[in-house]
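# Remarks on the overall topology
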Amino acid sequence: EDITHERQTADRLLFMAERDPLTGLYNRSRFEGELQRLAAQLERDTSVRAALLYFDLDEFKTVNDSFGHRAGDAVLLRIAGEVGQLLRGNEMFARLGGDEFAVVAPGADLAAAQTLAQRIIRAVAALGFEFEGTKVRLTSSLGIALLPEHARRPEEWVARADIAMYAAKHAGKHAGKNGWRVFREGLGQTAYMLAQLSWAERFQAALEQDLFELHFQ
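Residues numbered from 1 in each chain as written. Predicted model: local features only at pLDDT ≥ 70, side-chain atom pairs only at ≥ 80, totals over all residues. Heavy atoms only, no water.

This part takes up unusual backbone geometry. Each neighbour pair has its own omega, and for L147 with P148 the value is 5 degrees, a cis peptide bond. For P148, the location among the structural elements is in the loop between β6 (140–147) and α6 (154–172). Here the phi dihedral of E132 falls at roughly 50 degrees; this positive angle occurs in a residue that is not glycine. Topologically, E132 is positioned in the loop between β4 (129–131) and β5 (134–136). Residue classification places E132 among the exposed positions, given a relative accessible area of 67%. (Helix = DSSP H or I, 4+ residues; strand = E, 2+ residues; numbered from the N terminus. Buried < 20%, exposed > 50% of the residue type's maximum accessible area, 1.4 Å probe, protein only.)

Shown next, in the form of structure tokens:
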């Protein structure tokens, strides 16, 4: 019996469940599953190492606001293609939503993570776009957190990579952005860091770090 059609349908359903519909990268659900897998593996084998690189595009909102969402989608597709070419077969590249991306690198130590971060930052900065006759170059801000040095649970791992990313963004306010930071204790002292960011960034960071306090509902 020819079951080609059934298998193609099953493969398509799996692709839709695990992939971002715009870029074809892994989606947040599949990304979170990979973090859970690595954390569980660490519980069985203390020698497990991995790096999480968390990055977004500086001023991406300006592209959407100035040239429309089609231009924004074109940027995201180009980023997905260019950064994807830098990665090894065992490294996971995911789009988590909007202009937020993550790379999970199993087995990577600090030196390997830093090398990869530098390559990603340079690749994004090297891309040129032209919309409605206007040439545009974007930069990115990237944070690194290591398993198990910085976290042992997936939610901690993500939070610390995110803190490092916002630290890179803050440091870049005076240096043209386009940088990366490794998480360290004390980096997440958010009162000062939030005060340096734009209101949009401050709200986003406060949401992600659970800093809001409910007074009335």
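Right, let's talk about helix α5 (residues 110–126) for a bit. Counted at 1.5 Å a residue, the expected span for α5 with its 17 residues is 24 Å, and the 24 Å between its end C-alpha atoms agrees. Turning to α5, its buried residues number three or more, namely A113, L116, A117, I120, I121, A123 and V124. Seen along its axis, α5 keeps its buried residues to an arc of 165 degrees; they face one direction. Relative to its buried face, α5 has exposed residues pointing more than 90 degrees away, namely R122 and A126. The inward-facing, buried residues of α5 abut β1 (50–57), α4 (69–84), β3 (100–106), β6 and β7 (179–182). Two or three places before A111, at the start of α5, stands the capping residue D109, its side-chain oxygen 3.3 Å from that residue's backbone nitrogen. (Expected span 1.5 Å × (residues − 1). Arc of directions from axis to C-beta. Contact = heavy atoms within 4.5 Å. Polar contact = N/O pair within 3.5 Å; in protein donor to acceptor, adjacent residues only side chain to side chain.)

This part takes up the pairing of strand β2 (residues 92–97). Judged by how many residues are buried, β2 sits mostly within the fold: five of six residues are covered. Two elements, β2 and β3, share five bridges in a ladder whose sense is antiparallel. In the sheet register, M92 faces β3, and the bridge partner there is V104. Here β2 folds back onto β3 in antiparallel fashion, the turn holding two residues, of which G98 has a positive phi close to 55 degrees. (Pairing = 2+ DSSP bridges.)

Quick look at the nonpolar core now. Counting 36 residues, the largest nonpolar core has L53, F55, V75, I79 and I120 as the members making the most contacts within it. Mapped by element, the contributors of at least two residues to this core are β1, α3 (60–67), α4, β3, α5, β4 and β6. Top element by residues in this core is α5. It accounts for seven residues. Not counting residues within four places of it along the chain, the set of residues in contact with I120 comprises L53, F55, V83, L86, V103 and L142. Counting 21 residues, the second largest nonpolar core, distinct from the first, contains A94, V104, L147 and W157. (Core = buried A, V, L, I, M, F, W, Y, C linked by side-chain atoms within 4.5 Å.)

Taken together, the side chains of F203, L207 and F212 present a nonpolar region at the surface, about 340 Å² in accessible area. Of note, L207 is situated in helix α8 (residues 199–208). What makes L207 exposed here is its relative accessible area of 58%. (Patch = residues over 30% accessible without salt bridge, like charges linked within 9 Å, V, L, I, M, F, W, Y side chains within 5 Å. Areas by Shrake-Rupley, 256 points an atom, 1.4 Å probe, with all protein chains shown as cover. Salt bridge = Lys/Arg side-chain N within 4 Å of Asp/Glu carboxyl O.)

These figures come from the coordinates and say nothing about function on their own.
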